[in-house]
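Now for the letters of each chain:
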Amino acid sequence: MNSGDIGEKNSHKKIPGLPSLNGLRCFEVAAREESFTRAAHQLHLTHGAVSRAIRMLENELSITLFERRNRRVFLTESGQILFRAVQQGFDVIGRAIYELHKQRNDASLVISCEPTLMMRWLIPRLSDFHLQHPEINIQLQAGGGAVSLTPGIDLAIRRNDFIWPPHYFSSFLFHERIGPVFRSTERARMIEISDQGTVQLRSDIKLLHTYTRADAWQNWAHLTASRLDGMDSHSYEHFYFSLQAAIAGLGVAIGSWYLVCDDFNSGILDAPFGFIEDGSAYYLLAPESFNDSSSQAKFYQWLCSQGESCFNLAVR
């Protein structure tokens, strides 16, 4: 055995084993967001799960990656080095997967969509798309907020409440329209006529909030010059839960027209104040532009037609 062989073997032994991919993923998102809470939201995990994953990663590496001060987290110098390396590594992996993904049949689309929009608006309409384009197979993935379009995701439907990478190809779908909604059979318990003869929310109702749209009620009140002082409230973890609570008659929620239009048109929900644009909008995101004859273009055109049909039914 020559000395070159020994040196080569020893050089491999000096490289430590890679930690768990889950730990690295939690670390990358937490480092990018500078928040375990926002990382948990993006990864659809609990705050505790993200914290444990990062703690296990630190223990495995015997390195402190974050400084924890005043309920905030900051990358240490070692953490910054690892963060850059992990971002580069995920980018290389993502690009390789994307190149492999491009080789698949163009008639199959993987689409990431915000969970509530997917459940309450997209899925109920997909049968129409299949009738028009039976050759295109649609695979749905639930996801909200920031999205990576490289690891096998063709398109993403997102509201523009975050900044996506400038190289993404984005196509406008429809403006967001919001308004208070409640179970239609509870109308007498939810609203009243003021001394001036206008419809207003009763002061003893319960406002249903959601952590994922924490400022929804405040935005609506500002846009409509309404007052919500002294009203009781209850918060739910996800937007979908607050809407289900409204359907169950537990109070009044702020609903997106596109998420409640079916229940409104079927008479389940009431919306006496109508719906107003809140300044945000939904977009279809793609890793790159697509031609007019592609499956992506057909899906985009169908989404636009569905959005227009739904908009035409909106309460004005």
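Here the structure is shown first, and the text comes after it.
Computed from a predicted structure; not experimentally measured.

1. Notes on the environment of E237
Secondary-structure assignment places E237 in the loop between β10 (232-236) and α10 (239-247). Once residues within four sequence positions are removed from consideration, E237 is found in contact with T210, Y211 and T212.

2. Considering the packing of helix α11 (residues 257-265) against helix α12 (residues 295-312)
If you want to describe how two helices pack, look at the angle between their axes and the distance between the axes. Packing of α11 against α12 leaves a shortest axis separation of 10 Å and a crossing angle of 60°. Taken together, α11 and α12 sit at an angle that is classed as oblique. Where α11 crosses over α12, the two elements pack in a sense that is left-handed. Residues W257, Y258 and C261 of α11 form the contact with α12, whose own contacting residues are G307, C310 and F311.

3. Topic: the layout of surface pockets
Volume-wise, the second largest pocket comes out at about 1,100 Å³. As for the second largest pocket, its lining consists of 39 residues, of which H41, G145, Y211, T212 and R213 are closest to the centre. Secondary structure elements with two or more residues in the lining of the second largest pocket: α3 (36-43), α6 (115-122), α9 (216-224), α10 and β13 (276-286). Looking at which element gives the most residues to the lining of the second largest pocket, the answer is α3, with 5 residues. Here the lining of the second largest pocket is composed, by residue class, of 18 nonpolar, 12 polar and 9 charged.

4. Notes on the pairing of strand β11 (residues 252-256)
In terms of burial, β11 is a largely internal element, 5 of the 5 residues being buried. Here β11 shows no split at all, with V252, I254 and S256 on one side and A253 and G255 on the other all buried. Where strand β6 (residues 169-183) and β11 come together, 4 bridges link them in antiparallel fashion. Counted as the bridge partner of I178 is S256 from β11. Of the pairings in the sheet, the one linking strand β9 (residues 206-210) to β11 comprises 2 bridges and is parallel in character. Bridge pairing in β11 places L208 opposite A253.

Scoring rules and cut-offs
- Residues numbered from 1 in each chain as written.
- Predicted model: local features only at pLDDT ≥ 70, side-chain atom pairs only at ≥ 80, totals over all residues.
- Heavy atoms only, no water.
- Helix = DSSP H or I, 4+ residues; strand = E, 2+ residues; numbered from the N terminus.
- Contact = heavy atoms within 4.5 Å.
- Axes fitted to C-alpha atoms, helices over the stretch in contact; angles between N-to-C directions.
- Parallel < 35°, antiparallel > 145°, perpendicular 65-115°, else oblique.
- Left-handed = near helix turned anticlockwise from the far one by under 90°.
- 1 Å grid on protein atoms, 1.4 Å probe; cavity = no way out; pocket = protein on both sides within 12 Å on 5 of 7 lines; lining within 4 Å.
- Points joined across faces, edges and corners; volume = space filled by probe spheres on them.
- Nonpolar A, V, L, I, M, F, W, Y, C, P; charged D, E, K, R; others polar.
- Buried < 20%, exposed > 50% of the residue type's maximum accessible area, 1.4 Å probe, protein only.
- Pairing = 2+ DSSP bridges.

Take it as geometry only, folks, not as evidence of what the structure does.
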